Amino acid sequence: MGRNAPTVIIIEHSTLARTTVVKLLQHELAGWNFIDLISTESLDRALGAEVRLIALDLAGRSVESPSLRDDLAAIAARFPEAPITLLSGTDDVDIARQALKMGIRGFFSTSVPIDIALAGLRLVLAGGTFFPQLLGAVTNGANEHVPARSEAEKRLDDRTQYLAIAEFTPREADVLAALQSGCSNKVIAGKLNLSGHTVKMHLQHIMRKLQAQNRTEVVARLVQRAAGGPDGSPG
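Residues numbered from 1 in each chain as written. Predicted model: local features only at pLDDT ≥ 70, side-chain atom pairs only at ≥ 80, totals over all residues. Heavy atoms only, no water.

Description of the sheet that holds strand 5 (residues 106–109)
- An order of 2-1-3-4-5 is seen for the five strands of this open sheet, with the pairing classed as parallel. Looking at strand neighbours, the two that pair on one side only are strand 2 (33–37) and strand 5, the edges of this open sheet. Strand-to-strand twist in this sheet, taken as the mean axis angle between neighbours without regard to direction, amounts to 20°.
- Pairing geometry for strand 1 (residues 6–11) and strand 2, over five bridges, is parallel. Within the sheet, the bridge partner assigned to isoleucine 9 lies in strand 2 and is isoleucine 35.
- Helix 1 (residues 15–28) contacts strand 1 and strand 2 of the sheet and is inclined by roughly 175° relative to strand 2. (Pairing = 2+ DSSP bridges. Helix = DSSP H or I, 4+ residues; strand = E, 2+ residues; numbered from the N terminus. Axes fitted to C-alpha atoms, helices over the stretch in contact; angles between N-to-C directions. Contact = heavy atoms within 4.5 Å.)

Below you can see the structure in the form of C-alpha coordinates.
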(Lines give C-alpha, C1' and ligand atoms only; values in the text may rest on other atoms or scores of the structure.)
Protein backbone atom coordinates (compact mmCIF):
# COMPACT_ATOMS: atom_id res chain seq x y z
CA MET A 1 0.00 0.00 0.00
CA GLY A 2 1.22 3.54 -0.77
CA ARG A 3 2.94 5.66 1.85
CA ASN A 4 0.24 8.31 1.38
CA ALA A 5 -2.52 6.01 2.62
CA PRO A 6 -3.77 6.76 6.16
CA THR A 7 -1.71 4.60 8.50
CA VAL A 8 -2.11 2.93 11.89
CA ILE A 9 0.95 1.74 13.83
CA ILE A 10 0.53 -1.17 16.26
CA ILE A 11 3.39 -1.67 18.73
CA GLU A 12 2.96 -4.98 20.53
CA HIS A 13 5.56 -7.54 21.63
CA SER A 14 3.23 -10.55 21.30
CA THR A 15 3.11 -11.75 17.72
CA LEU A 16 -0.34 -13.33 18.13
CA ALA A 17 -1.88 -10.22 19.68
CA ARG A 18 -0.22 -7.91 17.16
CA THR A 19 -1.25 -9.85 14.07
CA THR A 20 -4.79 -10.34 15.43
CA VAL A 21 -5.23 -6.59 15.86
CA VAL A 22 -3.86 -5.95 12.37
CA LYS A 23 -6.20 -8.50 10.76
CA LEU A 24 -9.17 -6.99 12.58
CA LEU A 25 -8.32 -3.44 11.55
CA GLN A 26 -7.64 -4.42 7.94
CA HIS A 27 -11.25 -5.57 7.76
CA GLU A 28 -12.59 -2.50 9.58
CA LEU A 29 -10.49 0.16 7.81
CA ALA A 30 -10.30 -0.96 4.20
CA GLY A 31 -7.75 1.00 2.18
CA TRP A 32 -5.64 1.94 5.21
CA ASN A 33 -2.02 1.00 5.76
CA PHE A 34 -0.94 -0.92 8.89
CA ILE A 35 2.57 -1.11 10.29
CA ASP A 36 3.09 -3.60 13.11
CA LEU A 37 6.19 -3.33 15.28
CA ILE A 38 7.61 -5.31 18.19
CA SER A 39 8.92 -2.19 19.90
CA THR A 40 9.46 1.54 19.44
CA GLU A 41 13.06 0.79 18.40
CA SER A 42 11.67 0.09 14.91
CA LEU A 43 9.61 3.29 14.66
CA ASP A 44 11.83 4.72 11.94
CA ARG A 45 10.29 2.15 9.58
CA ALA A 46 7.14 4.29 9.61
CA LEU A 47 8.78 7.65 8.91
CA GLY A 48 7.17 9.37 5.95
CA ALA A 49 3.85 7.56 6.39
CA GLU A 50 0.57 9.41 6.98
CA VAL A 51 0.20 8.14 10.55
CA ARG A 52 -3.32 8.72 11.97
CA LEU A 53 -3.13 6.53 15.09
CA ILE A 54 -0.59 4.66 17.19
CA ALA A 55 -1.58 1.77 19.46
CA LEU A 56 1.06 0.93 22.09
CA ASP A 57 1.04 -2.15 24.30
CA LEU A 58 1.15 -1.25 27.99
CA ALA A 59 2.67 -4.69 28.66
CA GLY A 60 1.82 -4.66 32.36
CA ARG A 61 3.72 -1.43 32.99
CA SER A 62 2.55 1.42 35.19
CA VAL A 63 2.14 4.89 33.75
CA GLU A 64 5.18 5.93 35.76
CA SER A 65 7.34 3.22 34.20
CA PRO A 66 10.54 4.68 32.70
CA SER A 67 10.30 2.32 29.73
CA LEU A 68 6.76 3.50 28.97
CA ARG A 69 7.86 7.12 29.26
CA ASP A 70 10.72 6.37 26.87
CA ASP A 71 8.32 4.75 24.39
CA LEU A 72 5.95 7.73 24.51
CA ALA A 73 8.85 10.15 24.05
CA ALA A 74 10.12 8.18 21.04
CA ILE A 75 6.64 8.28 19.48
CA ALA A 76 6.16 12.01 20.17
CA ALA A 77 9.54 12.83 18.64
CA ARG A 78 8.62 11.17 15.34
CA PHE A 79 4.85 11.57 15.13
CA PRO A 80 3.86 14.53 17.33
CA GLU A 81 0.41 14.91 15.77
CA ALA A 82 -0.68 11.26 15.93
CA PRO A 83 -3.06 10.28 18.74
CA ILE A 84 -1.74 7.51 20.98
CA THR A 85 -3.85 4.74 22.50
CA LEU A 86 -2.78 2.10 25.01
CA LEU A 87 -3.49 -1.63 24.82
CA SER A 88 -3.84 -3.18 28.27
CA GLY A 89 -4.49 -6.56 29.82
CA THR A 90 -6.36 -4.98 32.74
CA ASP A 91 -9.11 -2.43 33.38
CA ASP A 92 -7.08 -0.50 35.95
CA VAL A 93 -9.01 2.73 36.55
CA ASP A 94 -6.03 4.51 38.13
CA ILE A 95 -3.86 3.80 35.10
CA ALA A 96 -6.63 4.89 32.72
CA ARG A 97 -7.10 8.14 34.65
CA GLN A 98 -3.36 8.90 34.64
CA ALA A 99 -3.12 8.07 30.95
CA LEU A 100 -5.95 10.49 30.19
CA LYS A 101 -4.13 13.26 32.09
CA MET A 102 -0.97 12.51 30.08
CA GLY A 103 -2.79 13.11 26.80
CA ILE A 104 -3.32 9.48 25.82
CA ARG A 105 -6.43 9.35 23.64
CA GLY A 106 -7.69 5.82 24.25
CA PHE A 107 -7.39 2.90 26.65
CA PHE A 108 -8.31 -0.50 25.17
CA SER A 109 -8.31 -3.44 27.56
CA THR A 110 -8.75 -7.09 26.61
CA SER A 111 -12.13 -7.14 28.41
CA VAL A 112 -13.74 -4.68 25.97
CA PRO A 113 -16.19 -6.35 23.52
CA ILE A 114 -15.12 -6.12 19.90
CA ASP A 115 -18.03 -3.88 18.81
CA ILE A 116 -17.20 -1.38 21.52
CA ALA A 117 -13.48 -1.49 20.76
CA LEU A 118 -14.15 -0.70 17.10
CA ALA A 119 -16.51 2.11 18.08
CA GLY A 120 -13.81 3.45 20.40
CA LEU A 121 -11.25 3.27 17.60
CA ARG A 122 -13.46 5.33 15.30
CA LEU A 123 -14.15 7.77 18.12
CA VAL A 124 -10.41 8.40 18.56
CA LEU A 125 -9.93 8.76 14.81
CA ALA A 126 -12.74 11.33 14.82
CA GLY A 127 -10.89 13.39 17.42
CA GLY A 128 -12.49 12.04 20.58
CA THR A 129 -11.20 10.03 23.52
CA PHE A 130 -12.08 6.47 24.56
CA PHE A 131 -11.81 5.49 28.23
CA PRO A 132 -14.67 3.07 29.07
CA GLN A 133 -13.02 2.31 32.44
CA LEU A 134 -13.81 5.88 33.52
CA LEU A 135 -17.47 5.95 32.48
CA GLY A 136 -18.78 5.12 35.95
CA ALA A 137 -16.62 7.77 37.59
CA VAL A 138 -17.59 10.35 34.98
CA THR A 139 -21.33 9.79 35.11
CA ASN A 140 -22.05 8.99 38.73
CA GLY A 141 -18.84 9.39 40.73
CA ALA A 142 -18.39 5.67 41.29
CA ASN A 143 -15.41 4.62 43.42
CA GLU A 144 -13.25 1.99 41.77
CA HIS A 145 -12.16 0.60 45.15
CA VAL A 146 -15.57 -0.70 46.18
CA PRO A 147 -16.05 -4.49 46.55
CA ALA A 148 -16.85 -6.50 43.43
CA ARG A 149 -20.50 -6.18 42.40
CA SER A 150 -22.91 -8.92 41.48
CA GLU A 151 -24.19 -9.10 37.89
CA ALA A 152 -27.58 -7.78 39.05
CA GLU A 153 -25.94 -4.80 40.76
CA LYS A 154 -23.82 -4.10 37.68
CA ARG A 155 -26.90 -4.14 35.42
CA LEU A 156 -28.64 -1.72 37.75
CA ASP A 157 -25.64 0.63 37.76
CA ASP A 158 -25.42 0.43 33.95
CA ARG A 159 -29.10 1.26 33.63
CA THR A 160 -28.73 4.27 35.97
CA GLN A 161 -25.72 5.43 33.97
CA TYR A 162 -27.62 5.34 30.67
CA LEU A 163 -30.69 7.05 32.14
CA ALA A 164 -28.39 9.89 33.21
CA ILE A 165 -26.75 10.28 29.79
CA ALA A 166 -29.85 10.89 27.69
CA GLU A 167 -33.64 10.76 27.70
CA PHE A 168 -33.82 6.98 27.56
CA THR A 169 -36.72 4.96 28.96
CA PRO A 170 -35.81 2.32 31.57
CA ARG A 171 -36.27 -0.43 28.95
CA GLU A 172 -34.07 1.39 26.45
CA ALA A 173 -31.43 1.70 29.18
CA ASP A 174 -31.63 -2.07 29.71
CA VAL A 175 -31.12 -2.65 25.99
CA LEU A 176 -28.14 -0.27 25.98
CA ALA A 177 -26.53 -2.08 28.92
CA ALA A 178 -26.80 -5.37 27.02
CA LEU A 179 -25.58 -3.75 23.80
CA GLN A 180 -22.45 -2.44 25.54
CA SER A 181 -21.66 -6.00 26.60
CA GLY A 182 -21.50 -6.95 22.93
CA CYS A 183 -24.80 -8.88 22.88
CA SER A 184 -26.63 -9.59 19.63
CA ASN A 185 -30.32 -8.69 19.24
CA LYS A 186 -31.24 -12.33 19.84
CA VAL A 187 -29.26 -12.50 23.08
CA ILE A 188 -30.69 -9.17 24.24
CA ALA A 189 -34.20 -10.45 23.59
CA GLY A 190 -33.50 -13.57 25.65
CA LYS A 191 -31.92 -11.65 28.53
CA LEU A 192 -34.74 -9.13 28.77
CA ASN A 193 -37.58 -11.52 27.90
CA LEU A 194 -38.54 -9.47 24.85
CA SER A 195 -39.39 -10.35 21.28
CA GLY A 196 -36.84 -9.71 18.56
CA HIS A 197 -39.20 -7.13 17.05
CA THR A 198 -39.39 -5.23 20.35
CA VAL A 199 -35.60 -5.18 20.68
CA LYS A 200 -35.30 -3.75 17.14
CA MET A 201 -37.89 -1.11 18.01
CA HIS A 202 -35.97 -0.07 21.13
CA LEU A 203 -32.72 0.09 19.14
CA GLN A 204 -34.39 2.30 16.52
CA HIS A 205 -35.55 4.69 19.25
CA ILE A 206 -32.05 4.70 20.79
CA MET A 207 -30.40 5.43 17.43
CA ARG A 208 -32.83 8.27 16.79
CA LYS A 209 -32.14 9.84 20.20
CA LEU A 210 -28.37 9.58 19.69
CA GLN A 211 -28.57 10.54 15.98
CA ALA A 212 -26.70 7.33 15.17
CA GLN A 213 -26.95 5.22 12.04
CA ASN A 214 -25.95 1.83 13.46
CA ARG A 215 -24.91 -0.08 16.59
CA THR A 216 -21.27 0.99 16.30
CA GLU A 217 -22.22 4.68 16.19
CA VAL A 218 -24.54 4.16 19.16
CA VAL A 219 -21.61 3.02 21.31
CA ALA A 220 -19.32 5.78 20.04
CA ARG A 221 -21.84 8.53 20.74
CA LEU A 222 -22.72 7.00 24.10
CA VAL A 223 -19.08 7.08 25.21
CA GLN A 224 -18.75 10.65 23.91
CA ARG A 225 -21.80 11.85 25.86
CA ALA A 226 -20.73 10.04 29.01
CA ALA A 227 -17.37 11.79 28.86
CA GLY A 228 -19.11 15.14 28.55
CA GLY A 229 -17.67 15.91 25.11
CA PRO A 230 -19.37 17.05 21.91
CA ASP A 231 -21.03 14.47 19.71
CA GLY A 232 -18.85 13.34 16.84
CA SER A 233 -19.39 11.08 13.92
CA PRO A 234 -16.72 8.38 13.55
CA GLY A 235 -14.68 8.94 10.41
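Focus: the side chain of aspartate 174
- You can see aspartate 174 is positioned in helix 7 (residues 170–180).
- A relative accessible area of 15% means that aspartate 174 is categorised as buried.
- A distance of 3.1 Å separates the side chain of aspartate 174 from the side chain of arginine 171, its partner in a polar contact. (Buried < 20%, exposed > 50% of the residue type's maximum accessible area, 1.4 Å probe, protein only. Polar contact = N/O pair within 3.5 Å; in protein donor to acceptor, adjacent residues only side chain to side chain.)

What to know about the nonpolar core
- Counting 28 residues, the largest nonpolar core has Ile9, Ile11, Leu43, Ile54, Phe79 and Leu86 as the members making the most contacts within it.
- Looking at this core, the elements that each hand over two or more residues are strand 1, strand 2, strand 3 (50–57), helix 2 (66–78), strand 4 (84–88) and helix 3 (93–101).
- Ignoring any residue separated from it by four or fewer positions in sequence, one finds isoleucine 11 in contact with Leu37, Ile38, Ser39, Thr40, Leu43, Ile54, Ala55, Leu56, Asp57 and Ile75.
- Counting 21 residues, the second largest nonpolar core, distinct from the first, contains Ile10, Leu53, Val112 and Val219. (Core = buried A, V, L, I, M, F, W, Y, C linked by side-chain atoms within 4.5 Å.)

A short note on the pattern of salt bridges
- Inspection of the entire model under this criterion finds nine salt bridges.
- A salt bridge links aspartate 71 to arginine 61; its shortest N-O distance comes to 2.9 Å. Here aspartate 71, found in helix 2, pairs with arginine 61, found in the loop between strand 3 and helix 2; they are ten residues apart in sequence, far enough to count as distant. Here the two residues aspartate 71 and arginine 61 agree in accessibility, since each one is buried.
- The salt bridge involving glutamate 64 is made with arginine 69; its shortest N-O contact spans 3.3 Å.
- Taking the relative accessible area as the measure of exposure, glutamate 64 reaches 53% and is therefore exposed. (Salt bridge = Lys/Arg side-chain N within 4 Å of Asp/Glu carboxyl O.)

Considerations on the packing of aromatic side chains
- Inspection of every chain in the model, using the stated rule, returns one aromatic pair.
- Sitting over the face of the ring of tryptophan 32, arginine 52 holds its NZ or CZ atom 5.8 Å from the ring centroid. (Phe/Tyr/Trp six-rings, centres within 6.5 Å; stacked < 30°, edge-to-face > 60°. Lys NZ or Arg CZ within 6 Å of the ring centre and 35° of its normal.)

Describing helix 8 (residues 185–192)
- If you check which residues of helix 8 are buried, you get Ile188, Ala189 and Leu192. The arc that holds every buried residue of helix 8, seen down its axis, measures 100°, which confines them to one face. Seen from the buried face of helix 8, the exposed residues on the opposite side, beyond 90 degrees, are Lys186, Gly190 and Lys191.
- Among the residues trailing helix 8, asparagine 193 stands out with phi positive, at a value near 55°. (Arc of directions from axis to C-beta.)

Quick word on the confidence of the model for the chain
- Looking at the chain as a whole, the pLDDT averages 80, with 78% of positions reaching at least 70.
- Across residues 136–165 the pLDDT falls below 50, and counting only partners more than four positions away or on other chains, this stretch makes 35 contacts in the model.
- Here residues 230–235 is a poorly scored stretch, pLDDT under 50, and it has 15 contacts once near neighbours within four places are set aside; other chains count. (pLDDT = per-residue confidence, 0-100.)

Topic: the packing of helix 8 against helix 9 (residues 196–210)
- Contact geometry for helix 8 and helix 9: axes closest at 9 Å, N-to-C directions at 105°. On the basis of the axis angle, helix 8 is roughly perpendicular to helix 9. Together, Asn185, Ile188 and Ala189 of helix 8 and Gly196, Val199, Lys200 and Leu203 of helix 9 make up the contact between the two elements.
- A breakdown of the residues in the contact of helix 8 with helix 9 according to their chemical character gives four nonpolar, two polar and one charged. (Parallel < 35°, antiparallel > 145°, perpendicular 65-115°, else oblique. Nonpolar A, V, L, I, M, F, W, Y, C, P; charged D, E, K, R; others polar.)

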